[in-house]
Amino acid sequence: MGTRIVSTGRGGTGKTTFTALATKYLEHPLLLIDIDPDQSLADMLGVDIAKADVRTVLDILYDLQKKGSYEELGTMPLPEKIDYLFNTECIYESKNFDLVSLGVKWTEGCYCAPNNLLRGIIPRLSQSYSYTLIDAPAGLEHLNRNVTSDIDDIFLVLDPSLKSMKNIERIQKLAQEVGIRYKNLYLIANYRFNEETEETVRGLNGSYLGKVAYDARVEEYNLAGKSLLELPDDSPAAQSVRQILIRAGYRVRPV
Ligand SMILES: Nc1ncnc2c1ncn2[C@@H]1O[C@H](COP(=O)(O)OP(=O)(O)O)[C@@H](O)[C@H]1O
Ligand SMILES: [Mg+2]
């Protein structure tokens with residue numbers, strides 16, 4: 001079975017950038033799951049999933065609640081319908097990675113029943129990949145409710161703020177409360193740390209794997225909607241993410 005990795009942290013710390021750069025280096029085949037309502041992973045990889053006719057998971061769950069939708073599926077039981085629609089409509093496939101986006105319709109009604117049905121689908125799908133990378137928002141509730149409670153490694157991306165530091169304890173507590181099982185909690189400093197502030201993270205309770213270096217090209221590429229996979233291997237940001245993956249003991253592709 002493949003390794004399941006979650007990248008989390010406060011908004012704007014660099015979670016999605018980390019996930020996109022990890023996509024550049026982790027051994028194939030790769031499955032990416034975007035469960036952040038911010039939904040920027042596809043953008044950072046230069047992909048327009050709607051244009052590719054791929055739908056988000058919440059879109060299909062939303063449509064399933066509407067009368068008269070998917071009539072062609074007849075009397076198929078709901079779990080089978082969801083399974084079928086997920087597999088036929090929600091997986092974006094490409095040479096470097098496959099991508100599933102959960103979508104943004106969190107607030108429009110209760111998805112509790114279908115959500116629980118979803119929990120079996122992604123873990124099963126992830127068995128066919130070397131790595132499954134999940135880009136998650138700061139809380140881990142969505143992860144637990146919608147995707148899985150079994151994770152290998154959590155990467156917490158920190159910015160140099162007290163709030164971010166407090167987030168470390170919060171994540172550990174939350175994981176325990178909602179029942180997420182994980183093997184390692186890795187800490188990563190984002191590009192805004194300097195040598196002095198980095199010392200604070202080194203001394204913290206958790207496995208510190210290093211800092212994602214600053215690269216102005218990351219901002220340029222993001223602004224232009226250009227894929228971070230095209231960032232040259234000599235990019236400090238790309239190189240540091242590759243080193244972090246090696247320190248975590250992952251199989252990376254040669255450069
Ligand atoms: N290593 C880096 N060097 C320069 N800019 C970065 C780097 N990492 C992230 N950024 C910038 O920071 C912003 C937030 O990053 P993002 O990955 O979207 O954060 P999050 O997913 O945590 O909200 C983006 O505009 C991105 O361009
Ligand atoms: Mg993000």
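Residues numbered from 1 in each chain as written. Chains lettered and ligands numbered in written order. Predicted model: local features only at pLDDT ≥ 70, side-chain atom pairs only at ≥ 80, totals over all residues.

Novice: Please clarify how the pairing of strand β2 (residues 30-34) should be interpreted in this entry.
Specialist: Look at any regular strand and the pattern is simple: side chains alternate between the two faces of the sheet. Burial analysis of β2 places 5 of its 5 residues in the buried class, which makes it a mostly covered element. Of the two faces of β2, the one holding Leu30, Leu32 and Asp34 and the one holding Leu31 and Ile33 are both buried throughout. The pairing of β2 with strand β5 (residues 131-135) spans 5 bridges and is classified as parallel. Across the sheet, Leu32 pairs through a bridge with Leu133, a residue of β5. Direction of pairing for β2 relative to strand β4 (residues 98-101): parallel, over a ladder of 4 bridges. (Buried ≥ 20, exposed ≤ 12 C-beta atoms within 10 Å, placed from the backbone. Helix = DSSP H or I, 4+ residues; strand = E, 2+ residues; numbered from the N terminus. Pairing = 2+ DSSP bridges.)

Novice: Honestly, the site of ligand 1 in this entry has me stumped. Any pointers?
Specialist: Taken together, 17 residues are adjacent to ligand 1, and Gly14, Lys15, Thr16, Thr17 and Tyr191 come closest. Only α1 (15-25) and α9 (216-224) provide two or more residues apiece to the shell around ligand 1. In terms of residue class, the shell around ligand 1 is built from 5 nonpolar, 9 polar and 3 charged. (Near = placed C-beta within 6 Å. Nonpolar A, V, L, I, M, F, W, Y, C, P; charged D, E, K, R; others polar.)

Novice: Please explain the sheet that holds β2 as it appears in this structure.
Specialist: With mixed pairing, the 8 strands of this open sheet are ordered in space as β3-β4-β2-β5-β1-β6-β7-β8. The open sheet terminates on both sides in strands that have one partner only, identified here as β3 (92-93) and β8 (207-211).

Novice: Looking at this structure, how should I read the nonpolar core?
Specialist: Buried together is how nonpolar side chains tend to be arranged in soluble globular proteins. Val57, Ile134, Ile188 and Val241 are the most contacted members of the largest nonpolar core, which totals 67 residues. Among residues more than four places away in sequence, those in contact with Val57 are Phe86, Cys90, Val100, Leu102, Gly103 and Leu118. (Core = buried A, V, L, I, M, F, W, Y, C linked by C-beta atoms within 7 Å. Contact = placed C-beta atoms within 7 Å.)

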